[in-house]
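Listed here are the chains, written in short residue letters.
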Amino acid sequence: MEERATNKCPHSNLSIEEAEENKSKYMWLLTDPDEFPEFEPCVCTTDCKVKMVKIIDIILYNHYKFSRGYFEDCKMVFGHGVKGLSLYEYTNFIKKNRFKERTELLTNLQYIDGKVVRLCDVPKENEEKNK
Ligand SMILES: [Zn+2]
């Protein structure tokens, strides 16, 4: 890998607000070691550190939450010959409240009171109600 010689702060174009608004925005920057916005001695400040910690929390926690949930919520399906679920599709089921035939077939997500919910987030009393 080529040495990146720069004396410009690599964090000036990154913002917490944009990370909040679009949680996949900086994913590639933070997960590709060749793109990772390294700390530049003599240029970067404490503000860079604080900002980057917040951005990493927002972006990677979001990715962690949905990618972990994806596997937790996948259903064992045999003999249907259906196409698998993408992480994007799964995320949309939850974020955009989309419950379709595929949701029911491929995940353990439930549609309760007009909302897509993760089975593991359903309170016990609700489980009782549905029996
Ligand atoms: Zn910086």
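From a predicted model like this one, the values you see are computed outputs, not experimental measurements. (Residues numbered from 1 in each chain as written. Predicted model: local features only at pLDDT ≥ 70, side-chain atom pairs only at ≥ 80, totals over all residues. Heavy atoms only, no water.)

To continue, consider the coordination of the zinc ion. C9 (SG), H11 (ND1), C44 (SG) and C48 (SG) make up the full set of protein donors to the zinc ion, lying at 2.1 to 2.4 Å. For the zinc ion, the four donor atoms are set out with angles of 97 to 123 degrees between them, so the coordination reads as tetrahedral. Each donor residue of the zinc ion belongs to the same chain, with the gaps between them written as C-x1-H-x32-C-x3-C. Each member of the pair C44 and C48 is classed as buried. (Donors = N, O, S within 2.8 Å, 3.2 Å for Na, K, Ca; no water. Tetrahedral: all angles 85-135°; square planar, octahedral: opposite > 155°, others 65-115°. Buried < 20%, exposed > 50% of the residue type's maximum accessible area, 1.4 Å probe, protein only.)

Counted according to the given criterion, the structure contains six salt bridges. Put simply, E72 and R118 hold a salt bridge, and the shortest N to O gap is 2.7 Å. Here R118 lies in the loop between strand 2 (115-117) and helix 6 (124-129) and E72 lies in helix 3 (residues 46-73), a separation of 46 residues in the sequence. The class for E72 is partly exposed, based on a relative accessible area of 40%. For R118, a relative accessible area of 17% translates into the label buried. For the salt bridge of R102 with E89, the shortest nitrogen-to-oxygen distance reads 2.6 Å. Remark: E89 occurs in helix 4 (residues 87-95) and R102 occurs in helix 5 (residues 101-106); sequence separation between them is 13 residues. The network of salt bridges with common partners includes R68, E72, D73 and R118. (Salt bridge = Lys/Arg side-chain N within 4 Å of Asp/Glu carboxyl O. Helix = DSSP H or I, 4+ residues; strand = E, 2+ residues; numbered from the N terminus.)

Now for the nonpolar core. Generally speaking, a soluble globular protein has its nonpolar side chains buried in company with each other. L14, A19, Y26, M27, L29, L30, M52, I55, I58 and I59 together form the largest nonpolar core, which totals 10 residues. Residue assignment for this core shows that the elements contributing at least two residues are helix 2 (27-31) and helix 3. Element by element, the count of residues in this core is highest for helix 3, at four residues. The contact partners of L30, leaving out residues within four places of it in the chain, are F36, P37, M52, I55, I56, I59 and L60. Counting eight residues, the second largest nonpolar core, distinct from the first, contains L85, Y90, L106 and L109. (Core = buried A, V, L, I, M, F, W, Y, C linked by side-chain atoms within 4.5 Å. Contact = heavy atoms within 4.5 Å.)

The terminal C-alpha atoms of helix 3 lie 40 Å apart, and with 28 residues this matches the ideal 40 Å at 1.5 Å per residue to within 8%. Buried residues of helix 3: C48, K51, M52, I55, I58, I59, N62, F66, G69, Y70 and D73, and no others. As for helix 3, its buried residues are in contact with helix 1 (16-21), helix 2, helix 4 and helix 5. Its side-chain oxygen at 3.2 Å from the backbone nitrogen of D47, T45 defines the N-terminal cap of helix 3. (Expected span 1.5 Å × (residues − 1). Polar contact = N/O pair within 3.5 Å; in protein donor to acceptor, adjacent residues only side chain to side chain.)

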